[in-house]
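If you want the building blocks of each chain, they are given just below.
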Amino acid sequence: GLTVRRGSDNNGAYLGYMPNLGGPSDVSIINQGTISADTSGRVIRILAMPFTNTGATNQLNGGILLIN
């Protein structure tokens, strides 16, 4: 039960490593639910090493989902 939405800035929403803040880049994510980019023109970026997906990912209504 987690919802991630893109903020009001131009960076988009990040899951995992966020380059603008620094820190370790070898963050792992395990998705067992649904990651949905569902707002037109808004971006969700998943930057994870590794990214394990046993759930679902999707783009709806013009939303953009980028997975490294």
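Residues numbered from 1 in each chain as written. Predicted model: local features only at pLDDT ≥ 70, side-chain atom pairs only at ≥ 80, totals over all residues. Heavy atoms only, no water.

Regarding the overall build of the protein chain
Helix and strand content of the protein chain: zero helices and seven strands. Along the protein chain, helices and strands appear, N-terminal first, in the series β-β-β-β-β-β-β. Counting over 68 residues, the protein chain shows a buried share of 22%. Across the protein chain, every contact between residues at least 6 apart in sequence was considered, and the portion connecting residues at least 24 apart equals 29%. By element, 49% of the accessible surface of the protein chain is carried by carbon and sulfur atoms, the whole surface being about 4,400 Å². (Helix = DSSP H or I, 4+ residues; strand = E, 2+ residues; numbered from the N terminus. Buried < 20%, exposed > 50% of the residue type's maximum accessible area, 1.4 Å probe, protein only. Contact = heavy atoms within 4.5 Å. Areas by Shrake-Rupley, 256 points an atom, 1.4 Å probe, with all protein chains shown as cover.)

Describing unusual backbone geometry
Omega for the peptide link from Met49 to Pro50 comes to 0°, which places this bond in the cis form. Note on placement: Pro50 falls in the loop between strand E4 (43–47) and strand E5 (51–53). Unlike most non-glycine residues, Asn61 shows phi in positive territory, near 55°. For Asn61, the location among the structural elements is in the loop between strand E6 (56–59) and strand E7 (64–67). The exposure class of Asn61 is exposed, given its relative accessible area of 61%.

Looking at the environment of Val27
Following the sequence through the fold, Val27 ends up in the loop between strand E1 (13–16) and strand E2 (29–31). You can call Val27 partly exposed: its relative accessible area is 27%. For the pair Val27 and Leu15, spaced twelve residues apart in the sequence, the C-alpha separation amounts to 9.3 Å. For Val27, the residues in contact, after removing those within four places along its chain, are Gly16, Tyr17, Ala48, Met49 and Pro50.

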